[in-house]
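This is what each chain is made of:
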2 protein chains.
Amino acid sequence: MATIKDVAKLAGVAVSTASYALNNSKRISTATKERVEEAARQLNYKKNGIASDLKRTKTNTIALILSDLSGPYYSELIKGVQDVTTANGFDLIACSSIGDQQSTAVKFLKEKRVDGAIILAHNISDAITIESAQAGFPVIVLDRDLIDENVYHVEVDNTEGGFIATECLIKHGHENIAYIGGPSASLDNQKRFDGYKQALEQYQLPSHSKWNSIGYFTKEGGYKATKLLIAQGELPDAIFYGNDEMAIGGLQAFQEKNIRIPEDISIIGFDDIQLAEYVHPPLTTIKQPKYEVGALAVHLIFQLLEGKNINSHYKLSTELIERKSVMLKKQ
Amino acid sequence: MATIKDVAKLAGVAVSTASYALNNSKRISTATKERVEEAARQLNYKKNGIASDLKRTKTNTIALILSDLSGPYYSELIKGVQDVTTANGFDLIACSSIGDQQSTAVKFLKEKRVDGAIILAHNISDAITIESAQAGFPVIVLDRDLIDENVYHVEVDNTEGGFIATECLIKHGHENIAYIGGPSASLDNQKRFDGYKQALEQYQLPSHSKWNSIGYFTKEGGYKATKLLIAQGELPDAIFYGNDEMAIGGLQAFQEKNIRIPEDISIIGFDDIQLAEYVHPPLTTIKQPKYEVGALAVHLIFQLLEGKNINSHYKLSTELIERKSVMLKKQ
DNA sequence: CTGTTAGCGCATTCAT
DNA sequence: ATGAATGCGCTAACAG
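Cut-offs applied
Residue indices follow the written sequence of each chain, beginning from 1 at its first position. Chain A is the first chain written and ligand 1 is the first ligand written, with later ones labelled in order. Reporting of local features is limited, given that this is a predicted model, to residues whose pLDDT is at least 70; pairs of side-chain atoms are given and counted only at 80 or more, and all residues count toward the totals for whole chains, interfaces and linings. Excluded from the side-chain calculation are hydrogens and water; included are all heavy atoms of the structure. To form a nonpolar core, buried Ala, Val, Leu, Ile, Met, Phe, Trp, Tyr and Cys residues must be joined to one another through side-chain atoms within 4.5 Å. Partly exposed residues are those whose accessible area sits between 20% and 50% of the maximum for their type, while under 20% is buried and over 50% is exposed, using a 1.4 Å probe and protein chains only. Whether two residues are in contact is decided by their heavy atoms: any pair within 4.5 Å suffices. Near is defined per residue: the residue qualifies when any heavy atom it owns lies within 4 Å of the molecule or strand. Two N or O atoms count as a polar contact when they lie within 3.5 Å, although within protein this holds only if one can serve as hydrogen donor and the other as acceptor, and sequence-adjacent residues are included solely when both atoms are side-chain atoms. UniProt positions are given in the numbering used here, feature names are shortened, and annotations may be inferred rather than shown by experiment. Here a strand is any run of E in DSSP of at least two residues, a helix any run of H or I of at least four, and the numbering for each starts at the N terminus. Here, axes are lines fitted to C-alpha atoms. For helices the fit covers the stretch in contact, and angles between N-to-C directions go from 0 to 180 degrees. Any angle between 65 and 115 degrees counts as roughly perpendicular, while under 35 counts as roughly parallel, over 145 as roughly antiparallel, and the rest as oblique. Handedness of a crossing is defined here by the sense of rotation of the near helix relative to the far one, left-handed for an anticlockwise turn of less than a right angle and right-handed for a clockwise turn.

### Focus: the nonpolar core
Grouped burial of nonpolar side chains is what soluble globular proteins tend to show.
Here comes step 1: In terms of nonpolar packing, the biggest core is built from 59 residues, with Ile118, Ile140 and Leu142 of chain A together with Ile118, Ile140, Leu142 and Val154 of chain B touching the most fellow members.
Here comes step 2: Among residues more than four places away in sequence, those in contact with Val154 of chain B are Ile140, Val141, Leu142, Val293, Leu296, Ala297, Leu300 and Tyr314 of chain B.
Here comes step 3: The next biggest cluster of nonpolar side chains, apart from the first, holds 45 residues, and it includes Leu229, Tyr241 and Leu275 of chain A together with Trp211 of chain B.

### Section: the protein's contact with DNA strand D
Here comes step 1: In the vicinity of DNA strand D, 28 residues are found, and the nearest of them are Ile4, Tyr45 and Lys55 of chain A together with Thr17 and Lys55 of chain B.
Here comes step 2: Across the atoms of DNA strand D situated within 4 Å of the protein, the share located in sugar and phosphate is 61%.
Here comes step 3: Contact distances for DNA strand D include 2.6 Å between a phosphate oxygen and a side-chain N or O atom of Tyr45 of chain A.
Here comes step 4: One of the backbone nitrogen or oxygen atoms of Ala14 of chain B is found 2.9 Å away from a phosphate oxygen of DNA strand D.

### Some thoughts on the UniProt feature "domain: HTH lacI-type" (unreviewed entry) in chain A
Here comes step 1: Here, the residues flagged by UniProt with the feature "domain: HTH lacI-type" (unreviewed entry) are residues 2-56 of chain A.
Here comes step 2: The span residues 2-56 of chain A is 69% helix and 0% strand, and its two end C-alpha atoms sit 21 Å from each other.

### Some points on the packing of helix H10 (residues 219-231) of chain B against helix H11 (residues 244-256) of chain B
In helix packing, the relevant descriptors are the interaxial angle and the interaxial distance, both defined with respect to the helix axes.
All names here are of chain B.
Here comes step 1: The contact between H10 and H11 brings their axes to 6 Å, and the two run at 45°. Viewed along their axes, H10 and H11 adopt a mutual orientation that is oblique. The chirality of how H10 crosses H11 is right-handed. The residues of H11 that touch H10, namely those facing Lys219, Gly221, Gly222, Tyr223, Thr226, Lys227 and Ile230, are Glu245, Met246, Ile248, Gly249, Gly250, Gln252, Ala253, Phe254 and Glu256.

Take a look at the structure:
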C-alpha cells in the first residue's frame, strides 16, 4: 500500500509538500498540487488515518457505547447524538459493551481511540467509567448516577414520569393502582416507583404492597407478573407498568383471560417505544425526550472539549402520551 | 496523560521493558513486571491504542457500515456480525454513512482505520466501495451486486422470496394478485418483483400492470399506494407488498375504508420485521435469514484476512412465515 | 512556495 | 532478563 512517501517521490516533491497538497493547504501552488494529486491517484494512495490521528493527538470522533449494538434501539437518542456530532464536524462510532472487560467499548474508552464517549450500557462498570474519564477525555453517562470529577450525567426525570403516569390514572378515577416494575437494581425503576408512591401519597390513596411487583423489563417479565396478579384473584383498577415492553406483555396476559383493556382495567406504560402505538389498544404511556438527551450529551462533550466549565448534572422532563389504554373508571 | 515513557521512568526501567511487562511477555521477571504495573497504576497509565495500531499496522477491528445508526435496525443481522466478530477476538464498530462523501463511514473505509468492512448502506457509492477495497482490506457488500476483484457479496435470495410469497397467495386460491413494491431503483425490489412475475407465469396467472405499483419502502409509501389502489375501484384478491413496512401502511389504508384483512383481501409482506407479529391481523411474510447473512459476512472477512481464496458471491434462502393476513379465497 | 526535520506513543529487533 | 535504537505514516514547526 502506497504511503505519502511514495506519492511525494512520484510527484518529485518533499513529503511535507505532498502532505500540504493533499490537505488543501493554500501555501501550495496549483501546479504542484495537481501533480501530487495525480501521483496519489496513480498509486491509489489512501492516507493512513491512524498515523494522522497519532500525529495530531486527536481523533475527531466520539464513541457512543451501547450495551448491545443489535438493540432494542434507542433510535431517537442515537439520532440526537448523531445530528449534533456531525453538525460539529466530528465522526461518530457506536460500539458494544458485550464482553464486559474485553469488549470493544472498554477498549475504546481506555485507549484514547476517540475524543469523548457517551455511555448507555449498564454493564460498563462505574470503576471503568471513572478510570477512563479524565480532564481532556469527557465521558457522559446516561444510565446512572455517578459522581466523579470528570464524569457528567444526563438523565430523564424518571420520578416525575412515574408521578405523571400515576396521576393520569388517578385523574381517571382509579384508586387501586398497581405498579408492576422492573428489576429492583435498576435505578430507572426505583425512580419511577418513587414517583408512583409520591403520587399516591399526594392524592391520599392507599399503597398496598400486594399490588407492587417486580420483574424483568421485558415482555415476558410483564406477562408473568400480570399472570401472577390475575391469579391473586382480586384485580386493581389500573396498572402502571415500569416500561412499555412489560405493559405489552401484560396486554397479552389479560387478553388470554378475556379481561378487556381499558374497559375492565386501565394500564399505562413508560418509554413510548415504537410498538406502543401499534398494540391493541394503543398504549397510553410516558414519553422520554430521548432525542434531546442524545443531543445534549454530545453538546456537553463539545463544551468540555473546548475547555468550558459546565454543570455535572442535567435532568430532562417527561411527557404524557394519551392513547387508548386508560379510560374513566365506571362507577 | 501518562505515556509508557513515564511509566518506564517511574519504574526505573527501559521503555521496551515496560512495554514487554505491560503486554505480559514472559521474558520479564515477575519482580520488574510488578514494579512496572505498580507504576502504571500510580500514573493511571492507559496505552494509546492508536499508537499501538500504527506500530502493528493492524487494528483488530472491523467496521459495520450502516446507512443510519438510528436504524430501522437490522438487529438480527448485527447480532450475527457481532457474534462472529467477537468469537474471533476482533472488535466491531458501527458507523453511519450519513453525509455521503463526508461521512464517518467513508473515512473509516478509506483511511485504513479498520481491518475490514461490511457495507449495508445504499448511499455508499460503488465507486467508493471499489476504490477502498484492496487485497488485504476485505470489503463485503450486503446490499448490491458489485463485481470487483476485492469486493465480496452476500445476499438473500429475493427472487426466491418473491416467488414464495406469490405462490403462498396463489395456493390460497387467489388469482388477481397485486404487487405494491418499493423504489424501482432498489435491487431488492426488482428481484422480489421478478419472483412475483415468475410465480404468476408458472401458475399461468395473468399479470396486469394496473396492479403493479411502486412507492417508497415505508409505511407512508404503502399507505399511499394502497389508497391509490382502492381509489381505482376494483380490488385484487390479494396483495404482495415489497416489504413489511409498506404492508403495515396498507393495513392502515384498508382499515380506514373498512376493508377487512384477510376476509376481504389477503396480504403478504417481506422481511419479517418485529412489528409484523403485532399488527392486526398479524402479518404473513417472508423471513430473511439475517443473522446468517451477518455471520457469514464476517466469517468471509476472516477467511480473506487469513489469505484464503473464497468465492465472490453467496446467496441465502428465505422462508415463509404464515400468520393471519392470508386466508383461503371464498368462492 | 517548498524542503528538512522532529516527533506523536508504541512494539520490536538486536545487542548485551 | 533488560536496554538502546528504530520506524509505523503522518503533520507541522521551522528554515530557506
